[in-house]
Amino acid sequence: MIDLGCIADDFTGATDLANNLVRGGMRVIQTIGVPDGPVPDVDAVVVALKSRTAPVDEAVSQSLAAARWLRAQGAQQLYFKVCSTFDSTPRGNIGPVTEALMELTGAEFVPVTPAFPETGRTVYHGHLFVGDVLLSDSSMRHHPLTPMTDANLVRVMQAQCARERVGLIPQAVVARGAWAITTRAAALQAAGMRIGIVDTVDDTALHLLAEAARDLPLVVAGSGLAIGLPALRGLSPNAASAALPPARGSAAVVSGSCSSASQAQVAAFLSADGSGFAVDPLRVAQGHDVAGEALAWAAPRLGAAPVLVYATAEPAAVQRVQAQLGVEQAGALVEQTLARIAQGLVAQGVGRLVVAGGETSGACVQALGVRQMRIGRQIDPGVPWCHSTLADGSGLHLALKSGNFGGVDFFTRAFTLLDAQAVA
Ligand code: ADP
């Protein structure tokens, strides 16, 4: 019987959430989509969907299928994990999925917060900040698929909801403690607002919210809220919950994220004499076998030192590609190409793979046939090493990095940390 059931709207988001649960001492499995077989005995299962940018109906039906499966495994509480920058399309999908899960679980009130102060995401007066700037002033306004141009989460969430009304639980209330949060939630509910954006400016606020939400059937949050959940269940941090099998094979990085953090990571890797192959989306669109070229390039270079294959580009270059191919087609074309490359790299003996980009990671794990991953130790906030057993029985270590996460030297340090673990 699992205790906590999580539904994440993208793959790296799922890993980010799982990472926080593991850090708190939970044993966690992340599944890719709803499992069709049994999962090992763990404390929490995070079902990773690719529903963030899917059509609304699809996002809702995938999320409901995951919720039904998790509840059938005994999950008492559902955690709908959304992006810490609340990434969503103008039509949803956070609002419609929340409403559908409320109906399924019978939730009378749902707290919502994407905050993760450790990575600079905080909510104040209902506004989401990325570092010290509003979401709408951050680089998220240029995201290729989900540009975020409004930082007011009450307004953003309300615009996505068809039935529910959205209110705010402000910092002044949160600071007074879990009981004050519960009281304000009841007042909002009495006023017809069954969804509440919760101000969360620091980890203390997240712990208080976790406590207040302890008996609620549904919470909607970024990964931050997870830091409060293991302790509420009597668990504490321990090395065993993060233990993975030893790593093998050569090392590679595939990057399809165009976030500013990923751009800096690619630049740092190349300027430190790392080997890199740039995927040109327009050449792919012209019918060139760019995946084949990348794999032929990589073959003689594979070994202990990582090689990098990337489509990562700055906003002006991305816009040029999108203008020619269309936003969705450009995204899909690049994702498919990088996924084929990831598959080819593993076939060539890569056993340690870093993937940068949420959508890109989704495409890569699908192509690799990864169905479940055990979550291991954190590399940087939000990004742990994971281990999966592939269909042929071989093991693959994976780090799936959400675009904006990770320090500038992430593409080298991830492998150093994994190798150090093997020796330890
Ligand atoms: P992040 O985690 O930074 O949001 P994602 O992988 O989720 O990264 O999204 C980036 C999207 O941009 C993907 O759909 C990817 O295929 C697309 N993309 C990557 N490089 C390019 C490029 N050079 N031109 C156009 N689109 C690109």
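Keep in mind it's a predicted model, so treat the numbers as computed, not measured.

### Examining the pattern of salt bridges
Point 1. Tallied over the full model, the rule gives 18 salt bridges.
Point 2. Residue aspartate 380 is joined to arginine 413 by a salt bridge in which the shortest nitrogen-to-oxygen separation is 2.8 Å. Remark: arginine 413 occurs in helix H15 (residues 410-423) and aspartate 380 occurs in strand E16 (residues 372-380); sequence separation between them is 33 residues.
Point 3. On the basis of relative accessibility, which here comes to 10%, the residue aspartate 380 falls in the buried class.
Point 4. Using a relative accessible area of 25% as the deciding quantity, one classes arginine 413 as partly exposed.
Point 5. Among the ionic contacts, a cluster of salt bridges with common partners joins Asp9, Asp10, Arg52 and Asp87.

### Here's the deal with the site of the ligand
Point 1. Around the ligand, the structure places 21 residues, and the nearest of them are His143, Ser257, Glu335, Glu359 and Thr360.
Point 2. Backbone polar atom of glycine 358 to an oxygen atom of the ligand: 2.8 Å apart, as the coordinates give it.
Point 3. Glycine 403 places a main-chain nitrogen or oxygen 2.9 Å from an oxygen atom of the ligand.
Point 4. Contact with the protein chains hides 95% of the accessible area of the ligand, taken as 570 Å² for the molecule alone.
Point 5. Contributing elements (two or more residues each) for the shell around the ligand: helix H12 (315-325), helix H13 (327-347) and helix H14 (358-368).
Point 6. Looking at the shell around the ligand residue by residue, the class counts come to nine nonpolar, 10 polar and two charged.
Point 7. Of the residues that make up the shell around the ligand, three or more belong to each of domain 1 (4-238) and domain 2 (243-423).

### Overview of the domain arrangement of the protein
Point 1. According to the domain assignment, the protein contains domain 1 (4-238) and domain 2 (243-423).
Point 2. Taking only C-alpha atoms, the centre of domain 1 and the centre of domain 2 are 27 Å apart.
Point 3. The partner domain 2 presents 33 residues to the 32 residues of domain 1 that form the contact.
Point 4. Across the domain 1/domain 2 interface, buried area totals approximately 2,600 Å², and carbon plus sulfur atoms make up 57% of it.
Point 5. Our enumeration of links across domain 1 and domain 2 arrives at two salt bridges.

### Quick notes on the side chain of histidine 387
Point 1. Within the element layout of this structure, histidine 387 appears in strand E17 (residues 383-389).
Point 2. Assessed through its relative accessible area of 14%, histidine 387 is described here as buried.
Point 3. When near neighbours in sequence (up to four residues on either side) are disregarded, histidine 387 contacts Leu244, Pro245, Gln372, Met373, Arg374, Gly395, Leu396 and His397.

### Let's talk about the packing of aromatic side chains
Point 1. Applying the stated criterion across every chain yields a total of four aromatic pairs.
Point 2. Consider the rings of phenylalanine 277 and tryptophan 297, whose centres lie 5.7 Å apart with planes at 50 degrees: the pair is tilted. Highlighted residues: phenylalanine 277 in strand E13 (residues 275-278) and tryptophan 297 in helix H11 (residues 290-298), separated in sequence by 20 residues. Across this residue pair, the class does not change: phenylalanine 277 and tryptophan 297 are buried.

### Observations concerning the sheet that holds strand E6 (residues 121-124)
Point 1. Here we have three strands laid out as an open sheet, ordered E6-E7-E8, and antiparallel in their pairing. At either end of the open sheet lies a strand with only one pairing partner, and these are E6 and strand E8 (133-134).
Point 2. Pairing of strand E7 (residues 127-130) with E8, which is carried by two bridges, proceeds in the antiparallel orientation. Within E8, the position partnered with phenylalanine 129 by the bridge is leucine 134.

### Re the nonpolar core
Point 1. Core analysis: the largest hydrophobic core is formed by 76 residues, its most contacted members being Leu21, Tyr79 and Leu353.
Point 2. Summarising the domain contributions, this core has at least three residues from each of domain 1 (4-238) and domain 2 (243-423).
Point 3. With 45 residues, the next largest nonpolar core counts Trp69, Val166, Leu218 and Val220 among its residues.

The rules behind each value
Residues numbered from 1 in each chain as written. Predicted model: local features only at pLDDT ≥ 70, side-chain atom pairs only at ≥ 80, totals over all residues. Heavy atoms only, no water. Salt bridge = Lys/Arg side-chain N within 4 Å of Asp/Glu carboxyl O. Helix = DSSP H or I, 4+ residues; strand = E, 2+ residues; numbered from the N terminus. Buried < 20%, exposed > 50% of the residue type's maximum accessible area, 1.4 Å probe, protein only. Near = heavy atom within 4 Å. Polar contact = N/O pair within 3.5 Å; in protein donor to acceptor, adjacent residues only side chain to side chain. Areas by Shrake-Rupley, 256 points an atom, 1.4 Å probe, with all protein chains shown as cover. Nonpolar A, V, L, I, M, F, W, Y, C, P; charged D, E, K, R; others polar. Domains from an automatic or database assignment. Contact = heavy atoms within 4.5 Å. Buried area = accessible area lost by both parts, 1.4 Å probe. Phe/Tyr/Trp six-rings, centres within 6.5 Å; stacked < 30°, edge-to-face > 60°. Pairing = 2+ DSSP bridges. Core = buried A, V, L, I, M, F, W, Y, C linked by side-chain atoms within 4.5 Å.

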